[in-house]
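Examination of the molecular architecture
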Amino acid sequence: MSLFSRLGEKSWETPGVPAEDPASYRPEAARVGLIVYFLVATFLFLLVTSAYFMRMGVEAGHGSHGSTGDWHPMPEPPLIWINTAVLMMASLAWEAARAMGRRGMAAPMRTAFLSAGLFGLLFLAGQLLLWRDYAAAGYFLAANPANSFFYLLTALHGLHIAGGLFFWLRALLRPRGAPLPVELCAAYWHFLLLVWLAMLALLVST
Amino acid sequence: MATVTLADDLKPLHHPRTWIGKYVWSQDHKVIAIQYATTAIAVGLLALVLSGLMRLQLAYPDTFDFIQPDNYLQYVTIHGMIMVIYLLTALLLGGFGNYLIPLMIGARDMVFPFVNMLSYWVYLLAVMVLVASFFVPGGPTGSGWTLYPPQTILEGTPGADLGIIMMLVSLAIFVVAFTMGGLNYVTTVLQARTKGMTLMRMPCSVWGIFVASIMGLLAFPALFVACIMMALDRIAGTSFFMPELVSMGNRTGYQGGSPILFQHLFWFFGHPEVYIVALPAFGIVSDLVAVHARKNIFGYRMMVWAIVIIGALSFFVWAHHMYVSGMNPYFGFFFATSTLIIAVPTAIKVYNWLLTLWKGNIHLRVPMLFAIGFLFTFIHGGLSGLFLGNVSVDVPLSDTFFVIGHFHMVMGVSPILVIFGAIYHWYPKITGRMWNDTVAKLHFWITFIGVYAIFLPMHYLGILGVPRRYYALGETGFIPPSAHLANEMITIAALTVAAAQLLFFWNMIWSLFRGTRADPNPWGATTLEWQTPDTPPAHGNWGPKLPVVYRWAYDYSVPGHARDFIPQNAPPASAPPPKGEGA
């Protein structure tokens with residue numbers, strides 16, 4: 001039943017138990033919660049992105065405060081591309097874990113699961129290194145609005161990565177015999193990869 | 001099995017063994033609801049005291065030595081912040097949302113009970129950080145609840161040292177707490193409805209809380225981002241919002257930031273926030289009106305759709321708070337139009353409430369009195385909103401008491417009246433006791449007439465041009481002596497109303513111990529929360545078996561039935577019982 005036909009139900013005319021059992025079409029709660037959280041995070045990053053463009057607009061003289069010309073884009077060192085590749089590897093490893101999980105291959109799935117998290121850790125370390133390189137080259141947080149937004153975006157994204165790693169770690173330390181939550185973790189990491197690619201496009205193109 | 005929450009067993013429930021596990025670190029949605037509600041009301045009392053102090057200063061300037069201009073601005077700021085966010089949002093969603101959603105949809109608990117518990121404790125942390133800002137050097141921030149830069153973080157604004165940082169941190173923590181709670185409310189409604197509870201069989205209360213939770217999840221990130229960026233401007237010296245400026249004769253290090261950018265982010269949260277508070281109140285009042293008028297809610301589908309449409313539209317009206325910020329006039333035209341359009345679904349709701357009352361078998365019990373009181377204040381506040389929604393009217397009125405009168409009527413008093421009505425309505429279920437009717441009626445009448453005495457004259461003051469946020473009016477030619485007299489009258493009314501709340505607290509506490517035992521369903525309501533096997537509902541809510549829902553939530557006064565209501569879980573007379581369905 002589509003959402004619209006459900007919202008169109010004239011419920012006062014139809015007493016009785018509906019033929020469909022809710023259990024038959026509802027996905028598990030954690031999956032629904034995760035999808036709702038994707039919406040929240042999407043809004044979070046969209047809002048920062050729109051703030052990014054508005055703040056740039058001030059520089060271009062469209063704002064009401066006159067042109068100050070203080071937006072100086074940051075360079076893109078090779079490390080940023082390496083980190084992107086590492087995050088893609090993490091996503092690939094999650095996908096591999098998911099595929100193997102579906103085929104019931106327990107041992108290779110564990111390897112993929114473990115390496116996916118390690119790639120995540122590596123990405124986070126790479127981002128910190130990127131921060132250090134930028135700071136060493138004089139691109140401080142407060143020196144320029146482009147820098148401020150760069151640090152803000154990477155920090156917000158990094159926090160989400162750290163959250164993902166927390167759940168990865170929790171899954172590793174789970175009691176013996178409990179299933180690995182591969183499907184949801186994979187979805188979360190794919191989502192974070194998409195967010196990162198969008199943010200990277202924003203940083204590189206402006 | 002994926003559908004643990006639907007399974008008819010108690011296994012997934014967390015069963016506490018100790019008193020602390022049951023009442024402090026509880027994962028039971030009902031206990032969390034009460035924790036949320038008492039915390040919100042307690043911090044709301046602080047905000048009430050602050051408003052009393054503001055009124056004293058406005059009526060009797062130069063009388064109170066302890067109210068200096070700085071203090072006054074701090075009272076204004078913290079009063080607004082607490083009332084909007086820490087009281088109304090937390091009480092309606094954290095309190096009523098937590099209590100009502102699982103009971104009304106026939107679930108045993110929220111789908112993520114641990115996250116739910118965490119949500120409350122993180123909320124409590126946010127409250128504690130906020131209250132602690134009273135005790136840091138310089139006191140809490142006095143920048144106005146909208147926290148507009150650049151003044152918010154500049155020297156000279158009260159609390160610019162530590163107060164503002166604590167405010168921003170507290171708000172960010174609150175957003176985290178709300179997100180955890182909101183994810184729970186939304187997922188529980190989507191996920192844990194019992195058999196037969198289709199979306200369109202949910203009571204309006206659940207619809208209001210559900211849509212408001214979605215809105216909160218999407219709107220609060222804007223506040224979160226704005227707080228982080230402002231904190232960075234204040235602590236790390238970035239220039240997100242701070243333009244190049246000279247403060248106290250010194251050049252600040254800021255350059256090129258956009259204060260308007262903050263206003264956009266703030267109101268992208270701030271306007272949906274109005275409806276985050278209003279929609280649960282709309283939903284609850286629909287149920288109060290239907291139950292106590294013994295009539296089905298008029299136009300149920302329209303009521304649900306209106307909630308959804310208001311929720312969606314409210315994301316496109318935010319800049320009507322910014323008509324005087326100097327933005328492009330064409331924006332003003334767009335936002336004035338969208339603001340007036342949102343009045344249409346709102347008016348549909350108002351008409352439907354009135355038509356529900358029409359020829360109803362109205363029982364003027366206390367919850368109903370508060371619901372009808374809400375209709376008055378909400379229509380008043382809504383109509384003055386039409387004035388302010390138009391740019392040309394808003395510009396002269398924007399910084400006057402007219403705005404104070406408007407928004408207190410529409411989003412201060414109206415939701416509070418619904419909250420009182422809802423507390424009286426569900427108190428017998430929550431505590432198993434009945435409150436004292438005489439005291440409750442007295443409480444209603446003093447509050448209802450009192451709020452009119454407070455906020456109606458403010459509209460006139462505003463039209464006279466009395467500015468808001470001013471510590472003292474001083475010698476001002478255009479303000480006649482009668483305005484000062486009105487200010488004194490308002491203060492007397494405000495203090496009376498504030499004192500009358502003691503009746504409410506006395507009634508709630510006294511009845512908890514001495515009230516007569518309440519009937520499990522004293523109002524003859526159809527919704528599931530009144531059909532629980534125990535009153536107050538036990539942990540797990542439903543005993544061994546989940547209820548099955550056979551009908552919508554508003555079967556009142558159905559012709560040909562012995563009683564004037566049919567509970568949602570009462571099987572139709574003609575249909576076979578659930579076991580024999582497959583035949």
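Just above sits the structure.
This section reports on the structure supplied with the text. These figures come from a predicted structure and were not determined experimentally.

1. Brief notes about the interface of chain B and chain A
Opposite the 56 residues of chain B that make contact, chain A presents 45 residues. When chain B packs against chain A, close to 4400 Å² is buried across both sides, 73% of that on carbon and sulfur atoms. Counting the surface chain B buries against chain A, the share from its top three residues, B:Gln191, B:Leu218 and B:Arg301, is 12%. Counting the contacts that link chain B with chain A gives 0 salt bridges.

2. Concerning the packing of helix H4 (residues 78-103) of chain A against helix H5 (residues 106-136) of chain A
Residues and elements named next belong to chain A. Where H4 meets H5, the axes come as close as 8 Å, and the angle between the chain directions of the two elements is 165°. Classified by the interaxial angle, the pair formed by H4 and H5 is roughly antiparallel. Two packed elements cross with a definite hand, and for H4 against H5 that hand is left-handed. Split by residue class, the contact of H4 with H5 holds 21 nonpolar, 6 polar and 1 charged.

3. Considering the packing of aromatic side chains
Here the structure, examined in full by the defined rule, presents 65 aromatic pairs over all chains. Centroid distance A:Phe149 to B:Phe240: 4.9 Å. Interplanar angle 85°. Geometry classified as edge-to-face. A residue pair is termed interchain when its members come from two chains, as with A:Phe149 in helix H6 (residues 145-172) and B:Phe240 in the loop between helix H6 (204-235) and strand S1 (246-247). In this structure, A:Phe149 and B:Phe240 share a single accessibility class: buried. Ring geometry for B:Tyr120 against B:Trp121: centres 5.0 Å apart, planes inclined by 75°, an arrangement best described as edge-to-face.

4. Quick word on the pattern of salt bridges
If you walk through the whole model with that rule in mind, you get 9 salt bridges over all chains. In this structure, A:Glu183 engages A:Arg98 in a salt bridge whose closest nitrogen and oxygen atoms are separated by 3.6 Å. In this pair, A:Glu183 sits in helix H7 (residues 182-205) while A:Arg98 sits in helix H4, placing the two residues 85 residues apart along the sequence. A salt bridge links B:Lys441 to B:Asp437, with the nearest nitrogen and oxygen atoms 3.1 Å apart. Of the two residues, B:Lys441 and B:Asp437 both sit in helix H13 (residues 437-464), 4 residues apart, roughly one turn of that helix.

5. Overview of the nonpolar core
One finds B:Tyr86, B:Phe96, B:Tyr123, B:Trp207, B:Met229 and B:Trp353 to be the most contacted residues of the largest nonpolar core, which totals 257 residues. The leading source of residues in this core is helix H3 (residues 69-105) of chain B, at 23 residues. In this view, B:Trp207 contacts A:Leu7, B:Leu199, B:Met200, B:Met202, B:Tyr300, B:Val304, B:Ile307 and B:Val308; residues no more than four positions away in its chain are not counted.

6. Some words on the environment of B:Pro69
Residue and element names in this part refer to chain B. By the element assignment, proline 69 lies in helix H3. The exposure class assigned to proline 69 is partly exposed, which follows from its relative accessible area of 36%. Placed 368 residues apart in sequence, proline 69 and aspartate 437 show a C-alpha to C-alpha distance of 43 Å.

7. Re empty space enclosed by the protein
As enumerated under the stated definition, the model contains 3 cavities of 30 Å³ or more in all. Approximately 110 Å³ is the volume attributed to the largest cavity. For the largest cavity, the full set of lining residues is A:Tyr52, A:Trp71, A:Pro73, A:Met74, A:Pro75, A:Glu76, A:Ile80, A:Tyr134, A:Ala146, A:Phe150, A:Leu203 and A:Thr206. Looking at the lining of the largest cavity residue by residue, the class counts come to 10 nonpolar, 1 polar and 1 charged. Within this model, the second largest cavity holds a volume of roughly 70 Å³. Around the second largest cavity sit B:Tyr36, B:Thr89, B:Ala90, B:Leu93, B:Gly94, B:Ser119, B:Tyr123, B:Phe174, B:Ala177, B:Phe178, B:Gly181 and B:Tyr185, which together line it. Taken together, the elements giving at least two residues each to the lining of the second largest cavity come down to H3, helix H4 (113-132) and helix H5 (163-191) of chain B. With 5 residues, the single largest contributor to the lining of the second largest cavity is H5(B). Residues of the lining of the second largest cavity, tallied by class, amount to 8 nonpolar, 4 polar and no charged.

Calculation notes
Residues numbered from 1 in each chain as written. Chains lettered and ligands numbered in written order. Predicted model: local features only at pLDDT ≥ 70, side-chain atom pairs only at ≥ 80, totals over all residues. Heavy atoms only, no water. Contact = heavy atoms within 4.5 Å. Buried area = accessible area lost by both parts, 1.4 Å probe. Salt bridge = Lys/Arg side-chain N within 4 Å of Asp/Glu carboxyl O. Axes fitted to C-alpha atoms, helices over the stretch in contact; angles between N-to-C directions. Helix = DSSP H or I, 4+ residues; strand = E, 2+ residues; numbered from the N terminus. Parallel < 35°, antiparallel > 145°, perpendicular 65-115°, else oblique. Left-handed = near helix turned anticlockwise from the far one by under 90°. Nonpolar A, V, L, I, M, F, W, Y, C, P; charged D, E, K, R; others polar. Phe/Tyr/Trp six-rings, centres within 6.5 Å; stacked < 30°, edge-to-face > 60°. Buried < 20%, exposed > 50% of the residue type's maximum accessible area, 1.4 Å probe, protein only. Core = buried A, V, L, I, M, F, W, Y, C linked by side-chain atoms within 4.5 Å. 1 Å grid on protein atoms, 1.4 Å probe; cavity = no way out; pocket = protein on both sides within 12 Å on 5 of 7 lines; lining within 4 Å. Points joined across faces, edges and corners; volume = space filled by probe spheres on them.

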